[in-house]
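What the coordinates show
Listed here are the chains, written in short residue letters.
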Amino acid sequence: MKIYIDGKFYNERDAKISVFDHGLLYGDGLFEGIRAYQGRIFKLKEHIDRLHCSARSILLRLPLTSRELTAAIIATCRQNRLRDAYIRLVVTRGIGTLGLNPNRCKRPSVIIIAGKITLYPAAFYERGMEIITVPTTRNLHSALNPAIKSLNYLNNVLAKIEANNGGCEEAIMLNAEGFVAECTGDNLFIVKDGRLLTPPLSAGALYGITRQVVMELAAETGRKAIESNLTRYDLFNADECFLTGTAAELVPVVKIDGRVIGNGKPGRVTRGLMAQYRALTKVSGEPIYD
Ligand code: PXG
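In this text, all values refer to a predicted model and were calculated from it rather than measured experimentally.

Rules used in this analysis
Residues numbered from 1 in each chain as written. Predicted model: local features only at pLDDT ≥ 70, side-chain atom pairs only at ≥ 80, totals over all residues. Heavy atoms only, no water. Pairing = 2+ DSSP bridges. Helix = DSSP H or I, 4+ residues; strand = E, 2+ residues; numbered from the N terminus. Contact = heavy atoms within 4.5 Å. Axes fitted to C-alpha atoms, helices over the stretch in contact; angles between N-to-C directions. Buried < 20%, exposed > 50% of the residue type's maximum accessible area, 1.4 Å probe, protein only. Expected span 1.5 Å × (residues − 1). Arc of directions from axis to C-beta. Disulfide = S-S within 2.5 Å. Parallel < 35°, antiparallel > 145°, perpendicular 65-115°, else oblique. Left-handed = near helix turned anticlockwise from the far one by under 90°. Nonpolar A, V, L, I, M, F, W, Y, C, P; charged D, E, K, R; others polar. Phe/Tyr/Trp six-rings, centres within 6.5 Å; stacked < 30°, edge-to-face > 60°. Core = buried A, V, L, I, M, F, W, Y, C linked by side-chain atoms within 4.5 Å. Near = heavy atom within 4 Å. Polar contact = N/O pair within 3.5 Å; in protein donor to acceptor, adjacent residues only side chain to side chain. Areas by Shrake-Rupley, 256 points an atom, 1.4 Å probe, with all protein chains shown as cover. Domains from an automatic or database assignment.

This part takes up the sheet that holds strand E4 (residues 40-41). Pairing within the open sheet is antiparallel, and its 7 strands lie in the order E2-E1-E6-E5-E3-E4-E16. Only two strands of the sheet have a single partner each, and these edge strands are strand E2 (8-11) and strand E16 (286-287). Docked against the sheet, helix H2 (residues 44-57) engages strand E3 (29-37), E4, strand E5 (85-92) and E16, running at close to 175° with respect to E3.

For the rest of this paragraph, the subject is the pairing of strand E13 (residues 240-245). Extensive coverage of E13 is indicated by the burial of 6 of its 6 residues. Side-chain alternation along E13 places Glu240, Phe242 and Thr244 on one buried face and Cys241, Leu243 and Gly245 on a second face that is also buried. With 5 bridges connecting them, strand E10 (residues 187-192) and E13 associate as antiparallel partners. When the sheet's bridge partners are listed, Asn187 is paired in E13 with Thr244. Summarising the sheet, E13 and strand E14 (residues 249-256) pair through 5 bridges and their orientation is antiparallel.

This paragraph deals with helix H5 (residues 154-165). Each full turn of the α-helix corresponds to 3.6 residues, which orients residues three or four apart in the same direction. Between its first and last C-alpha atoms H5 spans 16 Å; for 12 residues at 1.5 Å apiece the expected length is 16 Å, and the two agree. Here H5 has its buried residues at Asn155, Asn156, Ala159 and Ala163. Here the buried residues of H5 occupy an arc of 90° about the axis, which is enough to place them on one side. Away from the buried face of H5 by more than 90 degrees, exposed residues Leu154 and Asn165 are located. For H5, the elements touching its buried residues are strand E7 (129-133) and strand E8 (171-174).

Right, let's get into the state of the cysteines. In the structure shown here, the tally under the stated rule is 0 disulfides. As a non-bridged cysteine, Cys241 has Cys183 as the owner of its nearest cysteine sulfur, 7.5 Å distant.

Turning next to the packing of H2 against helix H3 (residues 66-79). Between H2 and H3, whose axes approach to 11 Å, the crossing angle comes to 125°. As summarised for this structure, H2 and H3 are arranged oblique, according to the angle between their axes. In this structure, H2 crosses over H3, and the sense of that crossing is right-handed. For the pair formed by H2 and H3, the contact residues are Leu44, Ile48, Leu51 and His52 on the first element and Ser66, Leu69, Thr70 and Ile73 on the second. Class assignment for the residues of the contact of H2 with H3 results in 5 nonpolar, 3 polar and no charged.

Once that is clear, we can look at the packing of aromatic side chains. This structure, assessed with the given rule, holds 6 aromatic pairs. Ring plane angle 75° and centroid distance 5.1 Å describe the contact between Phe31 and Tyr153, whose orientation is recorded as edge-to-face. Placement of the pair is Phe31 in strand E3 and Tyr153 in the loop between E7 and H5, with a sequence separation of 122 residues. You can call Tyr153 partly exposed: its relative accessible area is 22%. With centroids separated by 5.0 Å and ring planes inclined at 10°, the aromatic side chains of Phe189 and Phe242 adopt a geometry described as stacked. In this pair, Phe189 is assigned in strand E10 and Phe242 in strand E13, connecting sequence segments 53 residues apart.

Here we take up unusual backbone geometry. Although it is not a glycine, Asp6 sits at a positive phi angle of roughly 45°. Classification of Asp6 by relative accessible area gives partly exposed; the value is 35%. The phi dihedral of Asp193 falls on the positive side, at around 50°, and the residue is not glycine. Position of Asp193 among the secondary structure elements: in the loop between E10 and strand E11 (195-198). Given a relative accessible area of 63%, Asp193 falls into the exposed group.

The next subject is the nonpolar core. Counting 40 residues, the largest nonpolar core has Ile131, Ile172, Leu188, Ile256 and Leu273 as the members making the most contacts within it. It is helix H6 (residues 209-220) that provides the largest number of residues to this core, a total of 5 residues. Not counting residues up to four positions away in its chain, the partners in contact with Ile131 are Cys168, Glu170, Ile172, Cys183, Leu188, Leu243, Val253, Lys255, Ile256 and Asp257. Listed in part, the 28 residues of the second largest apolar core include Ala55, Leu62, Leu64 and Ile112.

Residues in contact with the ligand amount to 20 residues; listed here are only the nearest, Tyr153, Glu182, Ile209, Thr210 and Thr246. A distance of 2.6 Å separates a nitrogen atom of the ligand from a polar atom in the side chain of Glu182. Contacts to the ligand include Thr246, whose side-chain N or O atom sits 2.5 Å from an oxygen atom. Starting from 540 Å² of accessible surface for the ligand in isolation, the protein chains cover 87%. Elements with a contribution of two residues or more to the shell around the ligand: E5, H6 and E13. Residues belonging to the shell around the ligand are distributed by class as follows: 5 nonpolar, 9 polar and 6 charged. Viewed by domain, the shell around the ligand spans two of them, domain 1 (2-115) and domain 2 (122-281), each represented by three or more residues.

As structure tokens, this is what we get:
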């Protein structure tokens, strides 16, 4: 595997960054997780735009323009001869001192890793998955806004550990007010009486790109998605529930905190959106090869 670091490609064993990089010392940096399907990078512009928004929020000046980032990502896929890939774009604050002052970091580093993705088991997509709410609440947006896709993922990691301890692969994170925010690496939707509902960003959700695509796909079939605060009660009484994310795509949820959702099987609206999403990934995206 060839890994891109600041304009050069390295073999896996030589792809290293400094122990003084503030990405490591303080989680001071950003990332994006991007997919390529059949030789096309899905929603690349949206990922790069979100990276810019995150960078602006943490006062990090990206060393590459959007065009340069696009070219570097495509070049990394080509170097690895990939058609279907999981691409991890990481931007760190760069090398600094042991103090946390980011002004000491001269130049942010850009790292691109493109490889294969490990997906949830196929059974989750066919039969649905079980998830639980966990004690760790989502970061307050007044403290560290969950809309910033930063390298500081300890909040999510703790929730993931709690999910695993409870025998689940994903956790529902509530915000400090007790409303549903999102999962550790996925957004959440429910269907109730034909309406598609998802928490607003202000509840502590990431502006998920899959979330946005799902909202657009639902609109195509005349179903307008509604952003609404949701409680656990709303989830327990939903007709359908599913998660969205670049890695997971759409995955049906059939049990939450021991309550069976709907009839305990992936719902009709969920299955319809899953099919629409799969179809879209096959025909759209930035071509890697000419
Ligand atoms: N919430 C959080 C906290 C996330 O990190 C999503 C929602 C879904 O957003 P997108 O834009 O992907 O629809 C994410 C995305 C990984 C991995 O390797 C994590 C994400 C995406 C891809 C891979 O853990 N998180």
